Amino acid sequence: MTGSARIQRPNVVLIVADDLGFGDLGCYGSERIPTPNVDRLAREGLLFRNAHATSAVCTPSRYSMLTGEYPWRKEGTGILPGNAALIIDTDRTTLPSMLRDTAYRTAVVGKWHLGLGGPEGPDWNGELKPGPLEVGYETCFIMPATCDRAPCVYVQDHHVANLDPADPIAVRYDAPIGDEPTGRERPDLLRLQASHGHDQTIINGIGRIGYMTGGRSARWIDEDMADTFTKHAVEFIERADGRPFFLTFTTHDPHVPRVPHPRFRGRSSCGVRGDVIVQFDDCVGRIMAALEQQGVADDTIIIVTSDNGPVVDDGYADNAVADLNCHRPAGPLRGGKYSIFEGGTRIPFVLRWPAAVTPGTSDALICLMDLTASMAALIGATVPDGDARDSLDVLPALLGRSPIGRDRLVEQAGCLALLNGAMKAIEPSAGAPYHAATDTELGNAPEPQLYDLAADLGERNNLAPTRPAEATALLRELAEVRKRLAQG
Ligand code: NG6
Ligand code: CA
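Only a predicted model underlies this, so the values are computations on that prediction, with no experimental measurement involved.

Engineer: Now, about the overall build of the chain: what can you tell me, with residues and values included?
Structural biologist: When helices and strands are tallied, the chain shows ten helices and 22 strands. Relative to the globule expectation of 23 Å for 488 residues, the C-alpha radius of gyration of the chain, 21 Å, shows essentially globular dimensions. Taking all contacts inside the chain whose residues are at least 6 apart in sequence as the whole, residues at least 24 apart take part in 72%. Total accessible area computed for the chain in this model is approximately 17,600 Å², and 50% of it derives from carbon and sulfur atoms.

This is how it looks when you write it as C-alpha cells:
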C-alpha cells in the first residue's frame with residue numbers, strides 16, 4: 001500500500017453475474033465462449049481459484065454478500081418470490097452502508113432478489129420502501145427478483161420506473177390475477193416454451209413464475225435488459241462528484257430466460273447460454289470503457305464474480321443442453337447450481353486494481369461474504385460489533401499479498417458442508433441426490449462424505465468410509481458452528 005489518499009479509497013465496482021460457472025470464462029479454461037473483456041481483467045489482475053459464494057442459489061448468496069453473515073443463521077433467506085418483503089435488517093451495517101458511511105457514492109444496478117417493502121410486502125404502485133436505499137445504496141435501478149419472476153418491471157430508487165398510474169400493477173404468487181394468458185393455458189402463445197415450471201403469466205411471449213397484471217408501460221423488454229442495466233451503470237460512473245464510488249452491478253445473464261439482444265445471437269459456439277455469456281462479457285467491457293473514459297480505471301477495484309454455480313436447463317426449452325458442444329460450465333467441478341458439491345458454490349472471481357495489485361493467480365480460500373470486513377480494513381472503516389459477524393478480513397489475499405485467506409468456510413445448498421483447508425465434509429442428508437429437471441447432482445447422501453479437494457477437486461472419491469475419524473471430527477465441528485451461530 002503506498003499510503004496515498006487516492007489509493008486508500010479506491011472506487012469499487014463489484015460485478016456479479018447470475019449463475020455463471022467456474023468453467024464459463026476463457027480465463028477459467030472455457031474454449032467455446034469468447035470472453036475477451038473478463039479475460040483482459042484476469043490478465044491484468046488476480047484470478048482466484050478458490051473463491052466461494054456461501055450458497056448454491058441466489059437469495060442466500062446475495063444476502064451474505066451484502067450483510068457479511070451466513071444466511072442460514074436467519075429464517076426466510078431461501079429463494080424469494082417476486083413479491084417478498086425486504087429480508088435485510090435495515091439497522092445493521094452492510095457492505096454498501098459501510099462504504100456509504102465512509103463517504104462513498106453507492107449504487108446497485110441489476111438484479112436484487114432480496115425483497116422490497118416492509119412485512120406487508122411491496123406496494124408496486126406507491127413507495128417501494130424499505131429496499132436497496134435503506135440498506136446503504138444511495139440510488140438503485142433494479143429488477144426486483146429474477147427475470148423469470150413477476151413483476152417484469154424495473155424499480156428506480158423508490159418507484160417502479162415508467163409506471164402509468166392509470167394502469168396499476170398487481171402481483172400474486174398464490175393465485176392468478178388479471179386476465180392475461182398464462183403459459184399453462186396458452187402454450188401456443190409462447191415464443192420460449194417452458195421445460196419445467198415457468199407457466200404462469202405470459203410477459204413478452206415468455207411464461208414467468210407468478211402472476212401479474214397492469215404496468216404495461218413499465219414492462220421490460222428482455223432483449224434490452226443487458227443494455228438497459230449497462231446504461232444505468234455507466235451513467236452512475238459518469239456522475240462523478242469527487243467522492244469515490246461503489247457500484248454493485250448485478251447482471252441477469254446468464255440466468256434464465258436467456259433472451260440475448262439479437263447482436264449476440266450465435267456469438268458463442270455452444271448455443272444461447274454461451275451467447276448470453278458473451279453479452280455479459282460485453283457489459284463488463286463497457287463498464288471498463290466507462291472507467292477508462294473517466295480516467296479512473298487504474299484506481300478502481302473491479303471484481304467480476306457470480307452468485308452461485310451454473311445450471312444449463314433451468315426451466316426453459318432453450319436448447320442449451322443439446323447445444324453445449326462439450327462445454328463444461330462448472331469446469332472440473334462436480335455439481336452446479338443447487339448442489340453442495342463445489343460446482344454449487346465455487347465461483348469465478350477476478351479482481352483488477354493496477355494501482356496496488358500485481359497480476360497473477362491465487363488459491364486462497366475467500367468468500368463473497370468477506371468483502372465487508374476486507375473493504376473496511378482497506379479504507380479504514382470500522383464495522384460495529386455484532387454486524388457482519390461472519391465476514392473475515394481477507395484483504396492480504398484479495399490484494400495478492402498472501403496465499404492465505406480464511407481457513408474454514410461453511411457451504412450451503414440443501415444441506416451444509418464444512419471446508420477446512422483442502423478437506424471438505426458434507427453432512428448426511430435425506431435430500432434427493434439428483435435433481436432430474438435440471439440434471440444436477442445435488443450431493444445429498446444419507447451417509448457422511450469427506451473429500452480431499454487438493455487431490456480430488458471433482459469430489460469423486462468419498463474418503464469417509466476409509467477415514468471415518470476425520471469425517472466425524474469435521475462434521476462435529478460443523479454441527480458446533482451451526483449451533484453456536486444459530487444462537488445468535
Ligand atoms: C427456481 C426456478 C429457476 C430459478 C431459481 C432461482 C422453476 C422451475 N425454477 O425455482 O428457474 O429461477 O428458482 O434462481 O421455477 S436464482 O439464481 O435466483 O437462485
Ligand atoms: Ca443465481
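Now that the structure has been shown, the text picks up again.
Engineer: Quick rundown of helix 10 (residues 468-486)? Include the residues and the values.
Structural biologist: For helix 10, built from 19 residues, the straight-helix expectation of 27 Å at 1.5 Å per residue is met to within 8% by its first-to-last C-alpha distance of 26 Å. Every buried residue of helix 10 is accounted for by Ala 471, Leu 474, Leu 475, Glu 477, Leu 478, Val 481 and Leu 485. Down the axis of helix 10, the smallest arc covering the buried residues is 155°, so these residues share one side. More than 90 degrees from the buried face of helix 10, the exposed residues found are Ala 469, Arg 476, Lys 483 and Arg 484. Contacts from the buried residues of helix 10 go to strand 17 (408-412), strand 18 (416-420), strand 19 (423-426) and strand 22 (449-452).

Engineer: I'd like a description of the sheet that holds strand 12 (residues 245-250), backed by residues and values.
Structural biologist: Strand pairing in a sheet takes place through backbone hydrogen bonds and is either antiparallel or parallel in direction. Pairing is mixed in the open sheet, where ten strands are placed in the order 7-6-5-4-12-1-13-14-2-15. In this open sheet, the two edge strands, each paired with only one partner strand, are strand 7 (159-160) and strand 15 (360-362).

Engineer: Mind laying out the site of ligand 1, listing which residues take part and the relevant values?
Structural biologist: Around ligand 1 lies a shell of 19 residues, among which Cys 58, Asp 148, Arg 149, Asp 314 and Lys 337 are the nearest. Between Asp 18 and ligand 1, the recorded distance is 3.4 Å, taken from a side-chain N or O atom to an oxygen atom. In this structure, an oxygen atom belonging to ligand 1 sits 2.7 Å away from a side-chain N or O atom of Lys 337. In the complex, 86% of the free accessible area of ligand 1, which totals 450 Å², lies under the protein chains. Split into classes, the residues belonging to the shell around ligand 1 amount to six nonpolar, six polar and seven charged.

What counts, and where the lines are drawn
- Each chain carries its own residue numbering, running from 1 in the direction its sequence is written.
- Written order determines the labels here, with chains lettered from A and ligands numbered from 1.
- Since the coordinates come from a predicted model, pLDDT governs what is reported: local features require at least 70, and pairs of side-chain atoms require 80 or more to be given and counted, while whole-chain, interface and lining totals use all residues.
- Excluded from the side-chain calculations are hydrogens and water; all other atoms, namely the structure's heavy atoms, are used.
- Secondary structure elements are taken from DSSP: a helix is a run of H or I of four residues or more, a strand is a run of E of two residues or more, and numbering for both begins at the N terminus.
- As a reference, a globule follows 2.2 Å times the number of residues to the power 0.38, and the radius of gyration itself is taken over C-alpha atoms.
- Should any heavy atoms of two residues lie within 4.5 Å, those residues are counted as being in contact.
- For the area figures, the Shrake-Rupley method with a 1.4 Å probe applies, and any residue is considered shielded solely by the protein chains shown.
- In this scheme, a helix's expected span is set at 1.5 Å multiplied by one less than its residue total.
- Relative accessible area decides the class of each residue, using a 1.4 Å probe on protein chains only: under 20% of the type maximum gives buried, over 50% gives exposed, and in between gives partly exposed.
- Taking the helix axis as origin, the arc is that swept by the directions to the C-beta atoms.
- In this scheme, strands are said to pair when DSSP sees at least two bridges between them.
- If even one non-hydrogen atom of a residue comes within 4 Å of a molecule or strand, that residue is called near it.
- Any pair of N or O atoms that falls within 3.5 Å is considered a polar contact. Within protein, one atom must be able to donate a hydrogen and the other to accept it, and sequence-neighbouring residues count only if both atoms are side-chain atoms.
- By the convention adopted, Pro, Cys, Tyr, Trp, Phe, Met, Ile, Leu, Val and Ala count as nonpolar, Lys, Arg, Asp and Glu as charged, and the other residues, Gly among them, as polar.

Interpretation in functional terms is not warranted from these geometric data alone.
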